[in-house]
Amino acid sequence: MSTEPFAVVDLIRSKRDGSELTDDQLDWLIAAYTDGRVAEEQMSALTMAIFFRGLSERELDRWTTAMIDSGVRLDFGSLGRPTADKHSTGGVGDKITLPLAPLVASCGVIVPQLSGRGLGHTGGTLDKLEAIPGWRAELTDAELMQILAEVGAVICAPTAGLAPADKKLYALRDVTATVDSIPLIASSIMSKKIAEGTGSLVLDVKVGSGAFMKDLDSARELARTMVRLGESAGLTTTALLTDMTTPLGRTAGNAVEVAEAVEVLAGGGPADVVELTLALATEMLAAAGKGDIDPAEVLRSGRAMDSWRAMIAAQGGDPDAPLPTARHTEQLTAPADGVLQSLDALPVGLAAWRLGAGRARKEDAVQPAAGVEWHARPGDRVRRGEPLFTLHTDTPERIAAATELLTGAYTIGDEPVAPGPVVLERISR
């Protein structure tokens with residue numbers, strides 16, 4: 001006979017039928033799932049019910065608090081410097097965290113960047129960085145604090161004691177088609193960020209075909225939900241809505257995105273990646289009381305590259321080691337002369353995933369060298385027979401499926417096209 005105060009099936013049924021769960025039910029549910037007393041298939045059913053029925057403001061607040069209370073709360077007060085963090089809701093070619101964290105750290109702000117792995121067609125920051133030989137994502141609390149004190153920035157997995165409920169849910173959502181749910185996204189992000197103990201947070205909420213939020217209205221709703229959760233918990237929180245109709249930069253994958261991030265730190269890189277990195281850095285510095293610093297000037301100075309190298313080395317990586325390269329590459333060429341009118345982020349992200357850059361199941365490994373490189377962006381002139389894409393993979397049998405996706409990912413025409421803005425809106429409370 002069960003001694004549990006609630007039956008999970010009753011909670012699933014209740015949420016399925018549109019009822020609200022009580023505070024006690026939510027507290028118990030998150031604690032019991034974290035402890036393994038609620039089975040994965042039961043939580044899968046419940047998250048699907050939430051996907052369709054949503055959570056009320058009260059339920060979401062309690063769900064988020066319960067996720068935080070499943071573990072410890074970090075405190076960076078002893079480091080004696082302001083703290084700021086950034087979180088992206090995920091996109092295609094979104095390697096912004098890689099240059100952003102060392103850039104902001106080189107301005108005197110502590111950046112404890114707790115990141116995740118790939119979800120669906122979007123790449124994971126940790127998957128990208130693990131392409132660097134020796135680099136490790138898992139750190140103890142003591143290691144985290146030491147690196148922050150010495151380097152000023154760290155990009156790592158949430159430590160074992162930080163919102164462990166979210167660590168389980170994050171992986172589960174990836175394989176149960178419950179990723180793009182506003183309450184589940186908001187609680188996942190904000191439980192980690194509030195528990196993390198950072199003083200300020202800037203959210204990069206992606207909008208468009210390659211994002212979980214396909215339109216501005218849903219992106220605004222997500223941004224406002226997260227800003228409200230953060231501010232209610234005493235965390236200075238702002239959000240930028242940014243375009244994800246077209247993939248960021250010129251690469252999607254793991255090692256290929258690291259290489260592009262290093263280009264940005266070296267003073268080059270694609271204009272849109274640089275623009276968004278600087279926009280987010282400006283927000284983070286302002287929130288941390290360092291609004292008088294120009295991040296563009298710091299980037300040009302090379303100090304951000306120094307911070308990058310120190311950060312990678314502190315986590316066991318070799319910043320000078322060659323990045324892995326794919327055993328097989330194949331180029332897709334332009335079928336006609338003209339101007340690239342559009343490049344759809346979603347099929348590009350799916351193609352990178354099919355080539356091995358992402359995972360279909362939470363236990364799958366990713367190929368460090370797999371990915372897609374595009375040689376033109378909307379507005380660029382292309383010529384028939386010249387390369388449009390380069391596909392990278394260790395498993396050539398994957399190329400046909402990726403090619404099929406990319407063939408429908410773009411349009412070529414005669415009209416000139418002006419690139420749209422990267423930052424669409426700013427949201428604060």
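Now for a look at the structure at hand. (Residues numbered from 1 in each chain as written. Predicted model: local features only at pLDDT ≥ 70, side-chain atom pairs only at ≥ 80, totals over all residues. Heavy atoms only, no water.)

## Here we look at helix α2 (residues 23-35)
- Compared with the 18 Å implied by 1.5 Å per residue over 13 residues, the 18 Å span of α2 between its first and last C-alpha is a close match.
- For α2, the complete set of buried residues consists of Q25, L26, W28, L29, I30, A32, Y33 and T34.
- Taken together, the buried residues of α2 touch α1 (8-16), α3 (40-53), α4 (57-69) and α8 (164-174).
- At the C-terminal side of α2, G36 shows a positive phi close to 90°. (Helix = DSSP H or I, 4+ residues; strand = E, 2+ residues; numbered from the N terminus. Expected span 1.5 Å × (residues − 1). Buried < 20%, exposed > 50% of the residue type's maximum accessible area, 1.4 Å probe, protein only. Contact = heavy atoms within 4.5 Å.)

## A short note on the pattern of salt bridges
- The tally for this structure, following the rule as stated, stands at 27 salt bridges.
- For D17, the salt bridge identified is with R16, shortest N-O distance 2.9 Å.
- With a relative accessible area of 46%, D17 lands in the partly exposed category.
- Assessed through its relative accessible area of 48%, R16 is described here as partly exposed.
- Taken together, the shared-partner salt bridges connect E20, D23, D27, R58 and R62 into one network. (Salt bridge = Lys/Arg side-chain N within 4 Å of Asp/Glu carboxyl O.)

## Some thoughts on unusual backbone geometry
- One non-glycine residue, A163, lies in positive phi territory at about 45°.
- Checked against the element boundaries, A163 lands in the loop between β3 (153-156) and α8.
- You will see that A177, though not glycine, has its phi angle at about 55°, which is positive.
- Mapped onto the elements of the fold, A177 is located in the loop between α8 and α9 (182-196).
- Exposure remark for A177: the relative accessible area of 56% places this residue in the exposed category.

## As for the sheet that holds strand β11 (residues 387-393)
- Taken in spatial order, the four strands line up as β6-β9-β11-β7 in an open sheet, and their pairing is antiparallel. Every other strand in the sheet has two partners, leaving β6 (251-253) and β7 (328-333) as the edge strands with one partner each. The sheet shows a mean angle of 15° between the axes of neighbouring strands, direction not considered.
- Sheet topology places strand β9 (residues 371-374) next to β11; four bridges connect them, and they run antiparallel. Pairing of G371 across the sheet is with H392, part of β11.
- Across the face of the sheet, helix α15 (residues 345-357) comes into contact with β6, β9 and β11 while running at roughly 135° to β9. (Pairing = 2+ DSSP bridges. Axes fitted to C-alpha atoms, helices over the stretch in contact; angles between N-to-C directions.)

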